[in-house]
Amino acid sequence: QWARQQGIPVGPGRGSGAGSVVAWALTITDLDPIRFQLIFERFLNPERVSMPYFDIDFCQERRDEVIRYVCEKHGSSCVAHIITFGKLQARAVLRDVGRVLEMSYGHVDKICKMIPNNPANPVTLEQALEMEPLLRQARDDDPRVEQLIEVGMKLEGLYRHASTHAAGIVIGGAPLVEMVPLYKDERSALPVTQFSMKYVEMAGLLKFDFLGLKTLTVIDKCCALIRARGIDIEILDIPLDDPATYALLVRVEAVGVFQLESAGMRDVLRRLRPDQFEDLIALVALYRPGPMDDIPRYLACKHGEEAITYLHPALQDILESTYGVMVYQEQVMRIAQVLGGYSLGAADLLRRAMGKKIKSEMADQRARFVDGATANGVDRAVAKEIFNAMAKFAGYGFNKSHAAPYALLSYQTAYLKANYPLEFFAASMTYEQSNTDKLMVFRQDLQRLKIPLYPPDINASQANFTVEGEGIRYALGAIKNVGEQAMQELVRERRRGGPFKDIRDFILRMDAQVINKRQLEGLVAAGAFDSVHKNRQQLFVGADVILKHANMIHDEKKRKQGSLFGGFAAPQEKILLPTVEEWSHLEGLNYEFQALGFFLSSHPLDAYSAALKRLQCVDSSYFIDGADGSYRLAGVILTKQERTSKIGQRFAFVQCSDGAGFFEVAIFSEVFVTVRSLLQPGKVLLFQVSARRDGDVLRLTAQDVQLLEDVLANTSQKLQITASANIDLGSLQSLLAQMPSGKTEVQIHLQLSTQQAPAIITLPATYAITAEVRERLGQIAGVEEISNK
């Protein structure tokens, strides 16, 4: 309640506590448990052994305020974080031992990278030696490496350092020093218990999980932007039957929608075609290992492709909302109550026994359920069949009290995207503005929806992403290496003194201590100064001159402060920038990429669009919804990671960009050895790939790799140059004379007058025309258009 009063977003609930009507009445949770058939006894019942507790989601940016409030309310001596211990795992132990043995960092790093990296199931040094022949060879060939691994194996698994649990907080009824030993972490304002999670509860302390959930932050930012337009919106008051929201979900427009973004979830969403909130709750519960097996039957029954059947008529009321399919743990509890005569507390114990699969307990529960069901008029054979179905499901079934509030968050984000797309994208991109991969995904979605993304501009952008007209204005704070705080100061100055007139006005008004060379270069490369100075290269190359002028003004200001005769008058000298031509289009795009993390204004492949169409290439968006088979696609290489296989062969993963997004291609040894020299960042390549969907992951494997320019040089095509009568033929002739011969025929359409059809001149020679040559042709005076025919 305190958090809500302070305007700190709080989650609608999570875990079994959402089944409590008292928690709902107290606004701890936001979903009516009676309406959605959430069971209180899943949270608390007389038979429960351990204490119940609430995990609570808060806005990620303001979670610390809640923890400070708890300290003030209960006393800082009664509140602490919970300790966790970091262990020495295979790579970490070798790095630590290598430092002590004074081995070079590069040498140790090379050995560490031979150890397979699997965070979900870490590999031990012993396993790594079995799996990786190169690691064994390094150990056998070098006594120092042998010593490194030998010492590492003795220390592996020991605790290395103490840290704090990401969300766990304990509150004591008395000062914690009277109950548990404490530890002071210099990085934490609060003390930390020396007992880890398992033991603090045994010591009698009450544990809370205060979790930071970014979705709450995004929803809050989005609603603030909507209110700024004069529209009153309360996210808890939105209707749960909004047609636009379900239409968006049926179209599978899931980018930015909580929990529904993965390829696998989108695939289920497409087949589900949700039309009611209960469908989303079921989707959240079913899309997990185990319950996934029931998805086909659920979908078939929902869409009338399979008859809905019940093992007993009494099950209809319990399973009707999920089309006869067991989806939630609460349904198991209700079946035990209705058919087996259990209390809901006893039914919760049955559910837990089924989940743990304890044989002796299961035998007792089976007899009790079958006897109870038989007493209620259920045939004994049917009762056994029902128990078996419950037991199979309960081993992996999901808690509806958790699925329902999280489905509400999914619905809320989908509602905002469907009804207020501009505000939704601005809020989502602001939250992700340090994550260029995620920004690229949003940019693709904006392109698909035909919503403009305007470039960064010192006279139009804010520090964060904002709604501008019918589009989104790019955030200054999202440009790499500029810093959000400095950009906020820039925006404040613009509000005080109006738009910046030119580069001199900019440095005159901006404190030289706020803008440094790295920031200035980032702003220039991103195009933020285009509205006041078109030649990006001139500003970029002249950054030192500009900053020297800024420092001179800053020093002059300091000297004039406190002057007897009043204010400061700026020096009148102009900034003498170097005389350089503007970057070529491709150079400008490369600098833009370095500043933003992706190509915004256009893409290097745009110049090849007609050629790629002729070559029957697909783009990366083709694979969003899964597509197995062999395909041709082009991309600009961003990064390359070379690896060594278990049998010592080299291969690589290359990350590429095309106009639609990013993709990764695996290039294995037989192809890699022939194309290794081509795999350089910035190269434009044509890939023949085989595509395979592995769960949620798309795997592209190269069958062939070529330079796109080489392919086009050997492909017959026609280049049409449309020009006016005053074309600079001398420059055109000079440029073509430098071109090697190829298979591109050049045709000039010369518009001699407006009354006549153009004169068509077909040049006798054929040329190898690259994207750079096309750009240089386009810069010749009198050339109006260049196109492939």
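Keep in mind the model is a prediction, meaning the values are calculated, not measured. (Residues numbered from 1 in each chain as written. Predicted model: local features only at pLDDT ≥ 70, side-chain atom pairs only at ≥ 80, totals over all residues. Heavy atoms only, no water.)

J.: Help me understand helix H11 (residues 243–250) in this model?
T.: Residues spaced three or four apart along an α-helix point in a common direction, a consequence of the helix completing one turn every 3.6 residues. All of the buried residues along H11 are Thr-245, Tyr-246, Leu-248 and Leu-249. With its buried residues spanning 155° around the axis, H11 presents them on a single face. Looking at the buried side of H11, the elements it contacts are helix H12 (263–272), helix H13 (277–286) and helix H20 (400–419). (Buried < 20%, exposed > 50% of the residue type's maximum accessible area, 1.4 Å probe, protein only. Helix = DSSP H or I, 4+ residues; strand = E, 2+ residues; numbered from the N terminus. Arc of directions from axis to C-beta. Contact = heavy atoms within 4.5 Å.)

J.: I would appreciate a short explanation of the packing of aromatic side chains in the present structure.
T.: The geometry of an aromatic ring pair is captured by the separation of the ring centres together with the interplanar angle, meaning the angle of the planes. Counted according to the given criterion, the structure contains 29 aromatic pairs. Ring plane angle 90° and centroid distance 5.0 Å describe the contact between Phe-506 and Phe-529, whose orientation is recorded as edge-to-face. Here Phe-506, found in helix H24 (residues 503–509), pairs with Phe-529, found in the loop between helix H25 (517–525) and helix H26 (536–541); they are 23 residues apart in sequence, far enough to count as distant. Here Phe-506 matches Phe-529 in class, with each residue buried. Aromatic side chains Phe-593 and Phe-599 sit 4.8 Å apart centroid to centroid with 35° between the ring planes, which places their arrangement in the tilted category. In this structure, Phe-593 and Phe-599 share a single accessibility class: buried. Ring pairs connect the aromatic residues Phe-36, Tyr-246, Phe-277, Tyr-411 and Tyr-415, which therefore count as one cluster. (Phe/Tyr/Trp six-rings, centres within 6.5 Å; stacked < 30°, edge-to-face > 60°.)

J.: Even after reading the chapter, I still don't get the nonpolar core, so can you show me in this structure?
T.: In a soluble, globular protein the nonpolar side chains are often hidden away together inside. Counting residues in hydrophobic clusters, the biggest one holds 59 residues, and the most contacted among them are Phe-277, Tyr-298 and Leu-416. Listed by contribution, the elements that provide at least two residues to this core are helix H10 (214–228), H11, H12, H13, helix H14 (295–302), H20 and helix H21 (421–431). Counting residues per element, this core draws most heavily on H20, which supplies ten residues. Discounting chain neighbours no more than four positions away, the residues touching Phe-277 are Phe-36, Leu-240, Tyr-246, Ala-404, Ala-407, Leu-408 and Tyr-411. (Core = buried A, V, L, I, M, F, W, Y, C linked by side-chain atoms within 4.5 Å.)

J.: When you look at the sheet that holds strand S5 (residues 192–196) in this model, what are you seeing that I'm missing?
T.: In sheet architecture, strand pairing relies on hydrogen bonds along the backbone and comes in two forms, parallel and antiparallel. The six strands lie next to each other as S1-S6-S3-S2-S5-S4, forming an open sheet whose pairing is mixed. One side of each edge strand has no neighbouring strand; the edge strands of this open sheet are strand S1 (55–59) and strand S4 (182–183). (Pairing = 2+ DSSP bridges.)

J.: Explain the pattern of salt bridges to me, please; I cannot follow it from the model alone.
T.: Close approach of charged atoms lets side chains of opposite charge pair. Per the counting criterion, the structure on display carries 43 salt bridges. A salt bridge links Glu-642 to Arg-650; its shortest N-O distance comes to 3.3 Å. Take Arg-650: its relative accessible area is 32%, and that puts it in the partly exposed class. Within the structure, one salt-bridge network assembled from shared partners comprises Glu-489, Arg-492, Glu-493, Arg-496, Asp-505 and Arg-509. (Salt bridge = Lys/Arg side-chain N within 4 Å of Asp/Glu carboxyl O.)

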